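One letter stands for each residue in the lines below.
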Amino acid sequence: MIITGSIAEVGKQVKEWKLNGLCVGLVPTMGYLHEGHASLIEKSVSLCDKTVASVFVNPTQFGPGEDLETYPRDFSHDCELLKSRGCDMVFHPDAAEMYPPDFATWVEVQSDMPKQLCGKTRPIHFRGVCTVVNKLFNIVTPDMAFFGQKDAQQLAIIRRMVRDLSMNVEIVGCPIVREKDGLARSSRNTYLNEQERAAAPVLFRSIQHGRELIKKGERDARRLIASMKELLEKEALARIDYVDAVDGETMLPVNILDTGVLVAMAVYIGKTRLIDNFTVDSSLLSGK
Ligand code: PAF
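Since the model is a prediction, treat every value here as computed from it, not as a measurement.

Novice: What is the right way to look at the overall build of the chain in this model?
Specialist: Check the secondary structure of the chain and you find 10 helices and 9 strands. Its C-alpha atoms give the chain a radius of gyration of 19 Å, near enough to 19 Å, the size a compact globule of 288 residues would have. Principal-axis analysis of the C-alpha atoms gives the chain an extent of 55 × 40 × 40 Å. Per-residue burial over the chain gives 50% buried out of 288 residues. Across the chain, the fraction of contacts at a sequence separation of at least 24, relative to all contacts at a separation of at least 6, is 73%.

Below, the structure written as structure tokens:
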């Protein structure tokens, strides 16, 4: 497995692969990899000839007072996991390689999409994500790129960016990977102390509760959200940031629960902000 922090080296290697007719997959990450990331790597390895993972804690997607400095990092563990899952190249640049001191160009989806859900409390987050993902696409020129459905708003915004800017890359969304007790895998789970870790599956319980209500015939988004919030509020360590039902493509709020609606939440457990979601599909609506 090639490990490099150099944009030029990535370009040279990918060019050689492409001259040999090989298909290249990219898995963008911020490191501290877990089974959720591993599933993205495996998907890429299964669909592409070569897989590149980027490991870069992108400073421009963190707002003031967020966890940029404390974001967990363990590059040697990341490399072990990536190698064991068949990754061919790791791109691990430092911030100076990605952002020259006079960096001044941004990529932003300028609709209401990035202002909903997580965008309400993280106003510059998606501008930072779009900018770095755009740069990674330019550096790696992947045929396919893989993102987790846990970050559903991020995935929808990246799809929009790719469509609007006619980018030549196929975006592949991959299912949420969960712990045995339902907690969605996240690098930030490591912030939870023992008590908080025990409390954190309340997000999944609320998701399951919401799904059950829809199966039983609930179609009113406001009632569903109120009931999901009620369950969350029973957990003393949980503080709700939002629970919302939105159109899965536009991220705009909906009143009726129908196919393609995204039900998403962000909840603080102690000081750690966790996110989770599910999408309403025809099987849920038919009670299965
Ligand atoms: O989902 C993440 O880990 C990040 O937002 C991403 C896509 C790697 C961009 O920094």
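Novice: I keep staring at the pairing of strand S6 (residues 170–174) and nothing clicks. Help me out?
Specialist: Each regular strand carries side chains that alternate between the two faces of the sheet. Pairing of strand S5 (residues 144–148) with S6, which is carried by 5 bridges, proceeds in the parallel orientation. What sits directly across from Ala145, in S6, is Ile171. Of the crossover connections in this fold, the one passing from S5 over helix H6 (residues 152–164) to the parallel S6 is right-handed.

Novice: Explain the packing of aromatic side chains to me, please; I cannot follow it from the model alone.
Specialist: Where two aromatic rings form a pair, the distance of their centres and the angle of their planes describe that pair. If you walk through the whole model with that rule in mind, you get 4 aromatic pairs. Pairing Phe56 with Tyr99 gives two aromatic rings, centres 6.3 Å apart and planes at 35°, and the pair type is tilted. Remark: Tyr99 occurs in the loop between helix H4 (95–98) and helix H5 (125–140) and Phe56 occurs in the loop between strand S3 (50–55) and helix H3 (75–84); sequence separation between them is 43 residues. Classification of Tyr99 by relative accessible area gives buried; the value is 12%. Their ring planes at 90° and their centres at 4.8 Å tell us that Tyr99 and Phe103 sit as a pair that is edge-to-face. Among the aromatic side chains, those forming a connected cluster through ring pairs are Phe56, Tyr99, Phe103 and Trp106. Positioned above the aromatic ring of Tyr99 is the side chain of Lys135, whose terminal nitrogen or guanidinium carbon lies 5.7 Å from the ring centre. Lying over the aromatic face of Tyr268, Arg239 brings its terminal NZ or CZ to 4.3 Å of the ring centre.

Novice: Even after reading the chapter, I still don't get the side chain of Asn58, so can you show me in this structure?
Specialist: In this fold, Asn58 is placed in the loop between S3 and H3. Using a relative accessible area of 1% as the deciding quantity, one classes Asn58 as buried. In this structure the side chain of Asn58 is engaged in a polar contact, spanning 2.9 Å, whose partner is the side chain of Gln61. A polar contact is formed between the side chain of Asn58 and the backbone oxygen of Gly128, at a distance of 3.1 Å.

Novice: Is there a simple way to explain the site of the ligand in this structure?
Specialist: Around the ligand, the neighbouring residues are Pro28, Thr29, Met30, Asn58, Gln61, Val129, Val132, Phe147, Asp151 and Gln154. Contacts to the ligand include Gln61, whose side-chain N or O atom sits 2.6 Å from an oxygen atom. In the complex, 89% of the free accessible area of the ligand, which totals 290 Å², lies under the protein chains. For the shell around the ligand, the secondary structure elements donating two or more residues are strand S2 (24–29) and H5. Grouping the amino acids of the shell around the ligand by side-chain chemistry returns 5 nonpolar, 4 polar and 1 charged.

Novice: Sorry if this is basic, but what is going on with H5 here?
Specialist: Since there are 3.6 residues in each turn of an α-helix, residues three or four apart along the chain are aligned in direction. Between its first and last C-alpha atoms H5 spans 22 Å; for 16 residues at 1.5 Å apiece the expected length is 22 Å, and the two agree. Residue Thr141 follows H5 closely and has a positive phi angle near 45°.

Novice: Would you mind going over the sheet that holds strand S9 (residues 272–279) with me for this structure?
Specialist: Strand pairing in a sheet relies on backbone hydrogen bonds. The paired strands run either parallel or antiparallel. Here we have 3 strands laid out as an open sheet, ordered S7-S8-S9, and antiparallel in their pairing. In this open sheet, the two edge strands, each paired with only one partner strand, are strand S7 (238–247) and S9. Taken over all neighbouring pairs, the strand axes of this sheet differ in orientation by 15° on average, direction set aside. Here strand S8 (residues 261–269) runs beside S9; their pairing, made up of 8 bridges, is antiparallel. Counted as the bridge partner of Leu262 is Thr279 from S9. Its contacts with the sheet place helix H8 (residues 202–215) against S7, S8 and S9, and it is angled at close to 20° to S9.

Novice: How do you make sense of the nonpolar core when you look at a structure like this?
Specialist: Across soluble globular proteins, you tend to see nonpolar side chains buried next to one another. By size, the foremost hydrophobic cluster in this structure holds 44 residues, and its most contacted members are Met98, Val133, Phe137, Val140, Phe147, Met161 and Ile171. Of all the elements, H5 adds the most residues to this core, at 9 residues. Sequence-distant contacts of Phe137, defined by excluding residues within four places in its chain, comprise Leu26, Pro142, Ala145, Phe147, Met161, Val162, Met167, Val169 and Ile171. Ranked by size, the runner-up nonpolar core spans 27 residues in total, among them Leu183, Ala238, Val263 and Met265.

Conventions adopted
- Residues numbered from 1 in each chain as written.
- Predicted model: local features only at pLDDT ≥ 70, side-chain atom pairs only at ≥ 80, totals over all residues.
- Heavy atoms only, no water.
- Helix = DSSP H or I, 4+ residues; strand = E, 2+ residues; numbered from the N terminus.
- Rg over C-alpha atoms; globule rule 2.2 N^0.38 Å.
- Buried < 20%, exposed > 50% of the residue type's maximum accessible area, 1.4 Å probe, protein only.
- Contact = heavy atoms within 4.5 Å.
- Pairing = 2+ DSSP bridges.
- Right-handed = clockwise from strand over helix to strand, strands pointing away.
- Phe/Tyr/Trp six-rings, centres within 6.5 Å; stacked < 30°, edge-to-face > 60°.
- Lys NZ or Arg CZ within 6 Å of the ring centre and 35° of its normal.
- Polar contact = N/O pair within 3.5 Å; in protein donor to acceptor, adjacent residues only side chain to side chain.
- Near = heavy atom within 4 Å.
- Areas by Shrake-Rupley, 256 points an atom, 1.4 Å probe, with all protein chains shown as cover.
- Nonpolar A, V, L, I, M, F, W, Y, C, P; charged D, E, K, R; others polar.
- Expected span 1.5 Å × (residues − 1).
- Axes fitted to C-alpha atoms, helices over the stretch in contact; angles between N-to-C directions.
- Core = buried A, V, L, I, M, F, W, Y, C linked by side-chain atoms within 4.5 Å.

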